[in-house]
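The residues making up each chain are set out below.
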Amino acid sequence: MSITVDGAEELFAVWRGVDHWWAAGRHDGNGLILEGSAGLDVRAVSLRRVADIEPYLQGRRAQLRAVSGEV
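Given the structure is predicted, the values throughout are model-derived calculations rather than measurements. (Residues numbered from 1 in each chain as written. Predicted model: local features only at pLDDT ≥ 70, side-chain atom pairs only at ≥ 80, totals over all residues. Heavy atoms only, no water.)

(A) Looking closely at unusual backbone geometry. One non-glycine residue, aspartate 6, lies in positive phi territory at about 50 degrees. Considering the arrangement of structural elements, one finds aspartate 6 in the loop between β1 (2-5) and β2 (8-16). For aspartate 28, which is not a glycine, the phi torsion comes out positive at approximately 50 degrees. Mapped onto the elements of the fold, aspartate 28 is located in the loop between β3 (20-27) and β4 (30-37). Judged by its relative accessible area of 58%, aspartate 28 is exposed. (Helix = DSSP H or I, 4+ residues; strand = E, 2+ residues; numbered from the N terminus. Buried < 20%, exposed > 50% of the residue type's maximum accessible area, 1.4 Å probe, protein only.)

Shown next, in the form of structure tokens:
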């Protein structure tokens with residue numbers, strides 16, 4: 001099966017379990033391993049390189065503060 005990685009179609013081997021799936025492939029010489037829940041269709045996955053992860057970390061920290069009652 002192919003998954004789009006940084007705009008390129010890359011071949012991935014996919015294994016399906018009862019509640020999860022796993023996919024393994026390569027892009028730009030790097031190995032990639034993905035794990036998804038059965039509710040996420042692996043055919044809908046598209047990956048792209050993120051240069052700055054700080055905005056994602058800020059969102060996660062805000063979510064954790066909200067769950068813990070800090071907000």
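(B) The arrangement of the nonpolar core in detail. Formed by Ile3, Val5, Phe12, Trp21, Ala23, Leu34, Val42 and Val45, the largest nonpolar core amounts to eight residues. When residues of this core are traced back to their parent elements, those giving at least two are β1 and β3. Beyond its immediate stretch of four places on either side in the chain, valine 42 contacts Met1, Ile3, Val14, Arg16 and Trp21. (Core = buried A, V, L, I, M, F, W, Y, C linked by side-chain atoms within 4.5 Å. Contact = heavy atoms within 4.5 Å.)

(C) Just the pattern of salt bridges, in detail. Scanning all chains against the criterion turns up four salt bridges. Two residues, arginine 43 and aspartate 41, come together in a salt bridge whose shortest N-O distance is 2.7 Å. Overall, the relative accessible area of 62% leaves arginine 43 in the exposed class. We classify aspartate 41 as partly exposed; its relative accessible area is 33%. In this structure, arginine 61 engages glutamate 54 in a salt bridge whose closest nitrogen and oxygen atoms are separated by 2.7 Å. Salt bridges sharing partners connect three or more residues here, namely Asp6, Asp28 and Arg49. (Salt bridge = Lys/Arg side-chain N within 4 Å of Asp/Glu carboxyl O.)

(D) Representation of the pairing of β4 within the structure. Pairing of β3 with β4 involves eight bridges; the strand directions are antiparallel. Across the sheet, the residue bridging to tryptophan 21 is glycine 36, located in β4. (Pairing = 2+ DSSP bridges.)

(E) Inspection of the pairing of β1 at higher detail. Only one face of β1 is buried: it carries Ile3 and Val5, and the other face, with Ser2 and Thr4, is open. Pairing analysis gives four bridges linking β1 to β2, with the strands arranged antiparallel. Across the sheet, the residue bridging to threonine 4 is glutamate 9, located in β2. The antiparallel pairing of β1 with β2 creates a hairpin that spans two residues between the two strands, and aspartate 6 there sits at a positive phi of about 50 degrees. Judged from the two bridges that link them, β1 and strand β5 (residues 46-47) form a sheet pairing that is parallel. Paired with threonine 4 across the bridge in β5 is serine 46.

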